[in-house]
Amino acid sequence: MNNGLNFRQLEETKAQILLSRAAWKSSITVCGGTGCHAQGGTKIVQAFREEIKNQVLDGSVELRTTGCHGFCEQGPIVVIHPEGIFYSRLKAEDVPEVVTETIVNNRIVERLLYTVPKKKQRIISEKDVPFYQKQKRVVFAHNGLIDPTDIRDYIALDGYQALVKTLQAMTPEDVIAEIKASGLRGRGGAGFPTGRKWESCRSAVSDTKYIICNADEGDPGAFMDRSLLEGNPHSVIEGMIIGGYAMGASAGYIYVRLEYPIAVKNVKIALQQAKEYRLLGESVLGSDFSFDIHVFQGAGAFVSGEETSLMASIEGRRAFPRPRPPFPTQAGLWGKPTSINNVETWANVPHIIARGADWYSSIGTQTSKGTKIFSLVGKINNTGLVEVPMGTTLREIIYDIGGGIKGRRKFKAVQTGGPSGGCIPEDMLDLPIDYETLAKAGSIMGSGGMIVMDTDTCMVDLARYFLNFTQEESCGKCIPCRIGTTQMVEILTRITEGKGEEGDIERLESLAKTIKTHALCGLGQTAPNPVLTTLRYFRHEYEAHINKKSCPAAVCRALVEYRVVPDRCTGCQRCVAACPTGAITGPRAKAHNLDPTKCIKCRACYQVCRRDAIAGDAIKIVPRREVTDARDA
Amino acid sequence: MREMPESVAINVDGKLLTVERGVSILQVAQKNNIYIPTLCAHKDLTSFGGCRMCIVEVDGMRGFPTACTTPVENGMVIRTDTPQIKTERIEILRLLLSEHPSSCLICDEKDECRQYMGTIRKAGVTTGCRYCPKDGQCELQQVVEASGLNEINYPIRYRNLPVEKDDPFYDRDYNLCILCGRCVRICKEIRGANIIVFKERGRHTLIGPAYDRSHLDAGCEFCGECVSVCPTGALSEKANKWKGLFDREQNSTCAYCGIGCQMRLLIKEDEIIGSLPAEDPVVSNGQLCVKGRFCVTELVNNHRRLKKPYKAENGNKLEIFWGEAIELAAEKLSACSPELFGMLVSPNCCNEDLYVAQKFARVAMASNNVDTSARLFYGPGFNDYLNLMRMSVPLSDIRKASTIFCIGLDTRFGRSVVGVELRKAINRGAKLITVHPRHHNLAIIAEKWIQPVPGTEANLFKALASLTEKDRRGKLPPPSEGETGNFFEELSEVAGMAKEASHPVILVGSRYLSCNDSPQILESIAKLARNINAGVLPLPAHNNLFGSILMGAYPEILPGGFSAGNRNKRDELKTLWGTEVPNFSPVWTADTLLSGFRTKVLYLIGEVPSRNPPPSDFVIFQNIYPPDSMFEADIVLPSTAFTETDGTFINGEGRIQRIRKAVHPRGEALPDWEIICRIAQKMGKSGFDFSSVFEIHEEISRLVNGFSDFDNPERKAGRLACEAELLSPQTRFSGDINVDTEFPLLLVTSIVEHTYLGFPLSAWVEGLRPLFAEGIVDINPEDAERGKIMEGDEVVVTSPHFEKVLRARIMKAQPQGILDATVDQGESLVPNPTPVRIRKKDV
């Protein structure tokens, strides 16, 4: 099995693997994604290993650490097959009970089942979990089933069959034609038709070409690529080998951001195993196509996700973008034709080849085909990774899959596309998601970050947050971005501090226009988007900050004051305990007292009080009165 | 056959143009006199695209592409100057100026202020153009004025970055930096040194050496290219910071070493205010080293420059008129017999001065006693060095070489122009092998660095020459004639590389010229060169060493490089000069002088033989600076520097190059040749009635080949044609150089090489002192600790033959057990290397 295979042998290998697993009675999959890992995942795995040994179940029970299951809100997640019993929020102490009850005695441990909030309904089977029901998991389908550090799991699920089909039955032109026909568009954000990019690279004249997988995923709140690389690296690798064949590239690079150690580790293991199986290296699967993939780590900059600065980084230079022309497909890495595609784009390729462009283009909308993975985060009940067909509406994602807004507040807006994108308000929630509709609404698809905000979010503060991010991450090369974003951040900061002036909105709009028109690269060109969309849909908030010095969402510290509503306060003292400065005092069962001179407006008391269904809003955040105070700055 | 570049037809502002395919829109505009403002673009550098000034409109391209990064395509329609482009440019400039001191750019009073407020410039903090050293020369200023911007409606932020003044030669005020990146690119792309980079990001982006090192620590060569390309006042040369724009330029040749780089002297109101590289594909390729770039202005303008002749009587200095000075000198010289006359003339002088000087000795004084201080510098190896000059090849041969040997060469400061060529060669794939006792700037780019223990070099080179002999068969027997250190295997490897090299070259620096064994070392180098068919590039420290030999400024050599005993030549000269050429022996040289032989009259022209009073009854000191820090001369005559006279030098490649008079002489100074001629004429001697340098040049052309065109010499490279053999000086030392318990350390001395007219350059240029430290001894930290010696302490260095006091400099790179010191040429009467002991001097 390990001496390098040819096509026929791959098929035989798969059969052998399946056969060897027929003896298993149960299969325990523990989510090994970064989120669950951080919540004690490794301890859970350890606990299962020990318990299986103690109960002498080796041989009939299989334990597998898999990739990210996607329902990160409920982690650590364990799914028991073949029934698909879904246990969530597991702790290591629960493991012996799970093994005894569920594995040995076929009984469910009720308290570990997932409960749909507000419905008090316990779900047993993974497929019945509402979060998953409305998703169409194509790219992410196998994340929860395979151990990313064992290539056999991937092969057992028809892994590398697309590559076999490619090498046996298709010419490079056939592959490119199939990708074009599928309508696949770049999943990294810009949505450029992938087939056209591949074709452009193929037609460039050079004996050396490269392909690159952009895994620099820098948008705050986005972790789709991370989970794909951690959880199913072979799907990306297979896509890259197929792409290398199609374009005539001799080598590929996976550029992973520095902050993804598990992804790097798992990708390297996967590459090593792929080499052993002769899926990489000289003469792939015995064909006359040779290909190699190298891993390259970033160094902590957001800008290095931009394709030309990414290439500069690989070349050992400072990650400065450069103007185009020439485009990377004409002259890219070390001057050679290069095709750079996103992780998710590569992961789509094996599916398209295996099941055909017709199948793929039947999913999605007229202009945007296939599925898209979104990282659904923010003020939402079900945070996690969501894969849906293009054309699904925002409402479906947020309410049917996401479970609606968490807590007692209402939906305000959803930010798509991270710091390069824009916010979409409630009256546009029925927008079907695709590249064009989002752009028309003023936002972008982006890499798939979807941040849900409730009425406790100040849109001006949000814009400031995003612009501050892009300002700090600006590479510093061009004047419009480097200095323009500094000016915009300065204006926004002033506005949130209650120092907004007449004309600030016009200044922001003018700066935004200058930066968008003249910035050298995508970072600068899209940096003003959060400001522009929040102005478009929430202009009144800006006006309130500037003209009335008030923050309608009661967020901006300089503009609000915290107060106790005496007739709502039950004197439960929870806020007293939560306050870090001792600003709230008061005896039990009596209305508390809040000293504004000590209050640092950290929201701790507000959040603690809100949770109480009885008291409900005993703490109010109100616009700040004109107080002549020693603190006034 | 070169293919013709494909041309394309484009439309620029309505004009149809046919241009070369692939050039940028900016290049097309500049060639066709269409104005497009730029700040980060530069004709010699790759395009950057950061300043966004050169934006244009191109049909079919969205937005405003930058002209510097957009290549032309057939059928392109381009507009460079629409109202919208103007507006956009102003908007971008507003952003830039919100972080760059801009008060004077938008002030209503700016035109009047410029006339009247000259004195507010040196306020210390640059908050506007009037306070800036670059006022009137600043590219940003020009772009803003051309744009029509008249107000900035953004809040202005002074970044309050430190102004860096601790490094020599140029200041850096990063508050003025617009991050155009030109300095970074020129240091990387043209010089290859890569010292400065972009640091940080976002609004904190800065330029400077990585890790906040000083430029000195980061390896900066102080070539000044970054200063030359900076469009604003961020980088400003200290010596001419407030001088303003120059009035005119004069092309000339640098006088500070044997490479002879071409430079442009910048002149304002009859004063040199700066020197910049001249474009020159023949020798220096538009580059200079720190000496040529930064050490001309201060040296020629120092207030101690001699302006009037003076005589010294009873310890008093009396300024006198030229008439009296010439008469006094003529009187003393007439009364001096040929044997008791001595003349030392500098190998920094131009050919015409040197020719007249040796003619004076031979014709006016009927004496053969003329020599140069090169004799002291090269010591016993002088003849062998001449042999290398007879094998020399042009610098451009570096470009053909696959393997380059550098022997005793450090190109960080002096000769950095050669260093640029070496880095380029390595980028092309050439291999560099360097031999040097200490860490030096070539060590980091060399394929191999051989670091011989001082004292073993002769054997090392002998072995290397031996190993590369063509008929060598079989294994070399282990070294029997002394140690070659641990380098035996290494040498075999190097010998192998040498034999396989195609077009190898050997560059010879100054490091090994002062040792005892320099004759053997240089001889072995010549052998090695012959064995492997290598071109030799001796890189003489003196700018006109070659010329001094061809002019015959040595007792053994007649003009034309002929031997003093050459019968035919003597007859020819007799016919030309009208007198018998004096006898060859007994020979008087600079060594004779230093060994104590007392002359009646000693005529020093641009020479300072030692810091002690030279043994002579009457010393005539002709120079641009006075000697009185060291000794008192009887009569001091002010002469001209190379910027104040016309003439020719011959560089180490044999090229005759012009120096051109850029400014008038200081005070009453006169060119050397003119002073000598006046004295000769006063003495009643004929053959000295030259009325111009041109006439001297003409007479030389009758004796030496290649001296035909004075105005524009051909500058053809050629080997030294000198049949004369120099006499070996008396060996200064013979004996043991092994360390023992009494003298446990080894002292290596180098003769100071960065001199001009007898004085170290650092005497007059303060910025050089951290670069070329003198009067110091480099000590390894462990050796220092053993002697409880701290940085800057005075230490007494004692050898079996001398005792010397030097200041300690503790250097980690200094090899243990070895001390390094630089001494003046007159002090080099010591064995080298020599065993010594050191102790801290008692206070």
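Above this note sits the structure.
Scope of this entry: the structure provided in the associated data block. In every chain, residue numbers begin from 1 and rise along the written sequence. Working convention: letters from A go to chains and numbers from 1 go to ligands, in the order in which they are written. Only residues with pLDDT of 70 or above have their local features reported here, since the model is predicted, and side-chain atom pairs are shown and tallied only from 80 upward, although totals for entire chains, interfaces and linings are computed over all residues. Side-chain numbers here rest on the full set of heavy atoms in the structure, without hydrogens or water.

### Remarks on the side chain of Asn266 of chain A
Quick note on the threshold: By the criteria applied, helices consist of DSSP H or I runs no shorter than four residues and strands consist of E runs no shorter than two, each listed in order from the N terminus. To sort residues, take the accessible area from a 1.4 Å probe on protein chains only and compare it with the maximum for the residue type: under 20% means buried, over 50% means exposed, and anything in between is partly exposed.
Structurally, Asn266 of chain A is set in helix H12 (residues 261-276). The exposure class of Asn266 of chain A is buried, given its relative accessible area of 6%.

### Brief notes about the pairing of strand E8 (residues 251-256) of chain A
Residue and element names in this part refer to chain A. The cut-off we apply is this: Think of it this way: DSSP has to see at least two bridges between two strands before they count as a pair. For a crossover, the right-handed case is the one in which the path from the first strand over the helix to the second runs clockwise, viewed with the strands pointing away from the viewer.
For E8, a buried count of six out of six residues is recorded, marking the element as mostly surrounded by other parts of the structure. Burial of the side chains of E8 extends over both faces: Ala251, Tyr253 and Tyr255 are buried on one face and Gly252, Ile254 and Val256 on the other. Sheet topology places strand E7 (residues 210-215) next to E8; six bridges connect them, and they run parallel. Looking at the pairing, Asn214 lines up with Tyr255 of E8. Bridging between E8 and strand E9 (residues 292-297) involves six bridges; their strand directions are parallel. Bridged to Gly252 within E9 is Ile293. In this fold, E8 hands off to H12, which returns the chain to E9; that crossover is right-handed.

### Let's talk about the nonpolar core
Applied cut-off: Residue types Ala, Val, Leu, Ile, Met, Phe, Trp, Tyr and Cys, when buried and joined through side-chain atoms within 4.5 Å, form a set referred to as a nonpolar core. Contacts: residue pairs with any heavy atoms within 4.5 Å of one another.
Core analysis: the largest hydrophobic core is formed by 283 residues, its most contacted members being Phe360, Ile404, Leu507 and Ile679 of chain B. Apart from the residues within four sequence positions on either side, Leu507 of chain B is in contact with Ile398, Ile404, Phe405, Cys406, Ile407, Leu409, Val418, Leu422, Leu537 and Leu539 of chain B. Within the second largest apolar cluster, 115 residues are counted, among which are Ile123, Ile353, Val452 and Met453 of chain A.

### Quick word on helix H18 (residues 459-473) of chain A
All names here are of chain A. So the rule is basically this: The length a helix should cover is 1.5 Å for every residue beyond the first.
Over its 15 residues, H18 runs 21 Å from end to end, which matches the ideal 21 Å to within 8%, given 1.5 Å per residue. Taken as a whole, H18 has its buried residues at Met459, Val460, Leu462, Ala463, Phe466, Leu467, Phe469, Thr470, Gln471 and Glu473. On its buried side, H18 packs onto strand E13 (411-416), strand E14 (422-425), strand E15 (449-454), helix H19 (479-496), helix H21 (522-526) and helix H22 (529-547).

### Regarding the environment of Ile103 of chain A
Residue and element names in this part refer to chain A. Secondary-structure assignment places Ile103 in helix H4 (residues 95-104). Given the relative accessible area of 2%, Ile103 is considered buried. Leaving out residues up to four positions away in the same chain, Ile103 has contacts with Lys25, Ser26, Ile28, Leu57, Val61, Ile80 and Val98.

### Focus: the interface of chain B and chain A
Selection criterion: By buried area we mean the combined loss of accessible area, with a 1.4 Å probe, across both parts when two parts are placed together. One side-chain nitrogen of Lys or Arg within 4 Å of one carboxyl oxygen of Asp or Glu is enough to make a salt bridge.
Each side of the interface is counted separately: chain B has 29 residues, and chain A has 30 residues. A buried area of about 2600 Å², summed over both sides, lies between chain B and chain A, and 57% of it is on carbon and sulfur atoms. It is Leu95, Arg201 and Arg203 of chain B that lose the most area in chain B upon contact with chain A, and together they represent 24% of the buried surface on that side. Arg201 of chain B is the salt-bridge partner of Glu473 of chain A, the closest N and O atoms lying 3.2 Å from each other.

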